[in-house]
Amino acid sequence: MHSILNRIIIVCVLALTGLFTKAQDVISIAGRWSFAVDAQDQGIQKAWYRQPLPDKIQLPGSMLENSKGDKVSLNTKWTASIYDSSWYFNPRMAKYRNQPLPMFPFWLTPKYHYTGAAWYQKEIQIPKGWQTKHISLFLERCHTETTVWLDDQKLGKENSLVAPHIYDLTAFAAPGKHILTIRIDNRLQTINVGQDSHSVTDQTQGNWNGIIGRMELQATPKTFIKEIQVYPDIHAHLAKVQLKLEGNADQAKTIELSAHSYNSSKKDNIRPLHISVQSAAQKSPDSLVIDYPMGKDVLQWSEFHPAMYLLTVTLTNKDGSKSTKEVNFGMRDFKVNGRQFEVNGYKTFLRGTVENCVFPLTGYPPMDTAAWARIFRICKSYGLNHMRFHSYCPPEAAFIAADMTGFYLQPEGPSWANHGTSLGDGKPVDQYIFKETDRMEVNYGNHPSYCMLAYGNEPRGGHQVEYLTKFIHYWEKKDPRRVYTGASVAMSWPIVAANQYMIKSGARNLNWNNEAPESLSDYTKAIKDYPVPYIAHELGQWCAFPDFNEISQYTGLYKPLNFEMFKDILKDQGMADQAHSFLMASGKLQLLCYKNEIEKSLRTPENGGFQMLSLNDYTGQGTALVGLLNAFWKEKGYVDAPEFSRFCNNTVPLLRTGGFVYTNDQTFKASIEIYHYAESVLPNATINWKLTNDQHQVIEKGSFQKDILNGTNTQIGEIAIPLNTVRKAQRLTITVSIQGTSYTNDWNIWVYPSSLPAVDNSNIYYTTSLDAHASQVLNAGGKVFLNLAGEITKGKEIVQHFLPVFWNTSWFKMRPPHTLGFVVDPQNPAFTSFPTSDHSDLQWWSLVNKAEVMHLEDFPKGFKPLIQPIDTWFLNRRLASLFEAKVGKGRILVSSLNISSDTSSNPVARQLMYSLKNYMNSAAFNPKTAVSETLIKDLVTSTSNYIFDPHAKDSPDELKPKSDLTK
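Bear in mind the structure is a predicted one, so any value in this text is a computation, not a measurement. (Residues numbered from 1 in each chain as written. Predicted model: local features only at pLDDT ≥ 70, side-chain atom pairs only at ≥ 80, totals over all residues. Heavy atoms only, no water.)

## Section: the packing of aromatic side chains
Part 1: Applying the stated criterion across every chain, the model contains 59 aromatic pairs.
Part 2: Taken together, the aromatic side chains of Trp78, Trp87, Tyr88, Phe104, Phe106 and Trp107 make up a single cluster linked through ring pairs.
Part 3: Sitting above the plane of the Phe434 ring, Lys470 keeps its charged end 5.8 Å from the centroid.
Part 4: The side chain of Arg482 reaches across the aromatic face of Tyr450, ending 3.8 Å from its centre. (Phe/Tyr/Trp six-rings, centres within 6.5 Å; stacked < 30°, edge-to-face > 60°. Lys NZ or Arg CZ within 6 Å of the ring centre and 35° of its normal.)

## Looking at the nonpolar core
Part 1: Membership of the largest hydrophobic core comes to 192 residues, with the highest contact counts inside it found for Trp372, Phe610, Phe644, Phe668, Phe831, Trp844 and Leu847.
Part 2: In terms of residue count, the dominant contributor to this core is helix α10 (residues 579-603) (12 residues).
Part 3: Judged by nonpolar contacts, the second largest core, of 30 residues, contains Leu243, Ala252, Val277 and Phe329. (Core = buried A, V, L, I, M, F, W, Y, C linked by side-chain atoms within 4.5 Å. Buried < 20%, exposed > 50% of the residue type's maximum accessible area, 1.4 Å probe, protein only. Helix = DSSP H or I, 4+ residues; strand = E, 2+ residues; numbered from the N terminus.)

## Notes on the pairing of strand β10 (residues 145-150)
Part 1: Along β10, six of the six residues are buried, which leaves the element largely enclosed by surrounding structure.
Part 2: Residues Glu145, Thr147 and Trp149 line one face of β10 and the alternating positions Thr146, Val148 and Leu150 line the opposite face, and both faces are buried.
Part 3: One ladder, built from six bridges, connects β10 with strand β11 (residues 153-159); its direction is antiparallel. Bridge assignment links Thr147 to a residue of β11, and that residue is Lys157.
Part 4: Counted along the chain from β10 to the antiparallel partner β11, the turn is two residues long, and its residue Asp151 has a positive phi close to 60°. (Pairing = 2+ DSSP bridges.)

## Comments concerning the side chain of Glu538
Part 1: Looking at where Glu538 falls in the secondary structure, it is placed in strand β32 (residues 534-540).
Part 2: For Glu538, a relative accessible area of 7% corresponds to the buried category.
Part 3: A polar side-chain atom of Glu538 sits 3.5 Å from a polar atom in the side chain of His537.
Part 4: Sequence-distant contacts of Glu538, that is, excluding residues within four places in its chain, are made with Val354, Arg388, His390, Asn457, Glu458, Arg508, Gln611 and Leu613. (Polar contact = N/O pair within 3.5 Å; in protein donor to acceptor, adjacent residues only side chain to side chain. Contact = heavy atoms within 4.5 Å.)

## Comments concerning the UniProt feature "domain: Glycosyl hydrolases family 2 sugar binding" (unreviewed entry) in the protein chain
Part 1: Listed under "domain: Glycosyl hydrolases family 2 sugar binding" (unreviewed entry) in the UniProt record, and renumbered for this structure, are residues 28-221.
Part 2: Taken as a whole, residues 28-221 contains 4% helix and 41% strand, while its terminal C-alpha atoms sit 19 Å from one another. (UniProt positions renumbered as here; feature names shortened; annotations may be inferred.)

## Quick notes on the packing of helix α6 (residues 428-444) against helix α7 (residues 464-478)
Part 1: The N-to-C vectors of α6 and α7 enclose an angle of 20°; their axes lie 12 Å apart at closest approach. If you check the angle between α6 and α7, you find them roughly parallel. The crossing of α6 and α7 is right-handed. Contacts from Val429, Asp430, Ile433, Phe434, Thr437, Asp438 and Glu441 in α6 reach Tyr467, Lys470, Phe471, Tyr474, Trp475 and Lys478 in α7.
Part 2: Here the contact of α6 with α7 is composed, by residue class, of seven nonpolar, one polar and five charged. (Axes fitted to C-alpha atoms, helices over the stretch in contact; angles between N-to-C directions. Parallel < 35°, antiparallel > 145°, perpendicular 65-115°, else oblique. Left-handed = near helix turned anticlockwise from the far one by under 90°. Nonpolar A, V, L, I, M, F, W, Y, C, P; charged D, E, K, R; others polar.)

## Regarding unusual backbone geometry
Part 1: The omega torsion across Leu59 and Pro60 is 0°, close enough to zero to call that bond cis.
Part 2: Structurally, Pro60 can be placed in the loop between β3 (55-59) and β4 (61-62).
Part 3: Backbone geometry places Ala47, a non-glycine residue, at a positive phi of 50°.
Part 4: Its location among the elements puts Ala47 in the loop between β2 (31-38) and β3.
Part 5: Even without glycine at this site, Trp807 takes up a positive phi of about 65°.
Part 6: Here Trp807 shows up in the loop between β44 (783-787) and β45 (819-824).

See below:
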């Protein structure tokens, strides 16, 4: 399948590069260029375009790729915000600062960095045959502002982060040799789109200087087709083709249109249309509109059947010259109907991820279609159908790949107009956004995957609502092929009523900080006041611990010195051997959070969708390890596509239940529904359910027969299972599947005995302080259970929730929580009567949520607790929730879990205490490491030796007062 798709992609790319364009000649100017850095801005004054440049560079490429620029140092002026500057001042970080290449924690590190002007120069040859032609210079993607000279003639200036820079050479490009000089300036001084915009920021792709993609001289007849825009009308079975001509429009004589399908098992050849230019409808002398009948059997484009058409338009001029241009398009209708999206009349739910221009090998987005096709195939395998490009627009290769794979895209204007700039306040960025999105329409508007548009991300500015309202009205009037919203924002930002759809953060997050996990709730309250589709903004952001095995994958220009630093800190704390277990345990918790949050989104009636942040990791803003996949879109080892797509897909079985913890005198009750956003109804479907134990034995099962409707959730039925046959504590699994399909989903529940046998406590001294009697017991060789819940001082500043770190603790200046779940050994005899995995799971919620952790900074290196919370990777502090030790002649078990002396109302705490007491009564309770009473007392009486200080006064938007965003 992939090889077929790759062959189709090659054909598509060839069409777009002009190799099938019969009347257009193309000369590549890629290769070795002369080069000079202009750090002092002397080049224009000294007319560097008139003299040879001294250095050499390879294009396409960046200065970084060619080892040009300033060596990175502590004084490097980054294009990015830093909210935690403690790294620059903290004595503990001195060894990471004092490296030949400093080990910055904020993002990946390049060897070189440069912002300013640089000059590129090459001798070109204009063929004799081009003497009567129109000649253009085509530079597919430049970063950022270009100024071009041909010999000593200045041709102009272009500034675009989203589209090719094109210059007209015709008047000065006589046949023969010429010197082409290009000055590129990547500073934000002229137009500041925002230093954290993913179009420019060092947080992700890097603020590079150079040219990538196609670099060409192009020749056409003097009168030629400059632009084709195709407006599909699936109801009238026609394509409205709008042509823009360049040159002398009076010379244009006839137009021929032909089209054929590809990327589909069905073949469709559209009857050619020949018309005279005079008979075509004219919007202006150089703009023609032609209705091209596609036939009643026209193939439509969608995520399920991404059928494409190649349209060939040939202009014949009166002098006999011909201009031929080809474009790819799809027959699709993407619109809003009430509170949901529709594609070709079918309701669509957007399951999306945010792409942040994270490409560590090069520092810029791929310019080849195959690389993007790989990414979209991975996303589809994880059940996604949508991608938002955060504050940047990808190159055309991404649109081509999305067309071919059937993926709905939301590119954005190249701006996060915040952090040093604002929107709607009369700054140059205001007009720039309109021009940039105009250029996006011209260059990418025909791609059916280009379905949605926003100005960009979370702006600042007191007039942003008025500006964005104008932006939306401008686009909904100009181009009906897609839908429009003002900005992708969180809840603090003002509402733009003109939005055709909303992207806000109200319909995300889990309320597990305050309430026990359940699956009854949804986001209905969050979206109820919005009459348009609501997409959850940046859903997720749940972190996992770094995967240090990933370091070897960074074989390109950006080095993971942040990972190297985190790894070294872990080693210094004596926990290097636990890196993998930290990754796997935190990853399983991350997966659990994504599953529950996505299912909550799917349960919400009339929900528009979500944009998760994100399927892959974000390498900047302090290093945000929020992805199930790493920065290279590769698996980390704790989840794969088949597992993830069980709860994220176009069809997903869902379960509503009031909780996941029960006693065996209760009845498990739940309702089943099916989320189904596929093409058609599943008539008379059989929905099977079963409850099994860890030995795969079936405890109860059943089935329902029901028509599963598409474009909605179908309520299937209720189940009620008495749990009185469960005799001992155990984990059970409820599985729901649709017979005859691959759609299945499952949930774990935990069942505990409602009463337990009495445990002989006579040999165990239970206490909440290490008092004199505890000391006597220990000195006499006895056993002590020390419950320090709510009493911890050393570690009090380290906040544990059941939920893991959100985004990362550096960007949010150590906003809690600070932990990433915990590791536990399920085979340890302490948990013989308390079934658990090796990571935090839902049955642990009442025990660990907001429970204090113990900071073991003074304990012996290598000391391993029974339950070990995983600290933020920036600090890697040694923590414990439960540990055992030898003290004097005795043995002690110390807990800071949420366990009170009376466990009657909490079956989980009761069961754990039962297991721990039985363990303490057994010969297996034989701790290996001895610690002093003083160390244990310090947990209550002493503060931590080291308490984090961010050293910075500024804060990210989410921590600022709401009023600051509209200043």
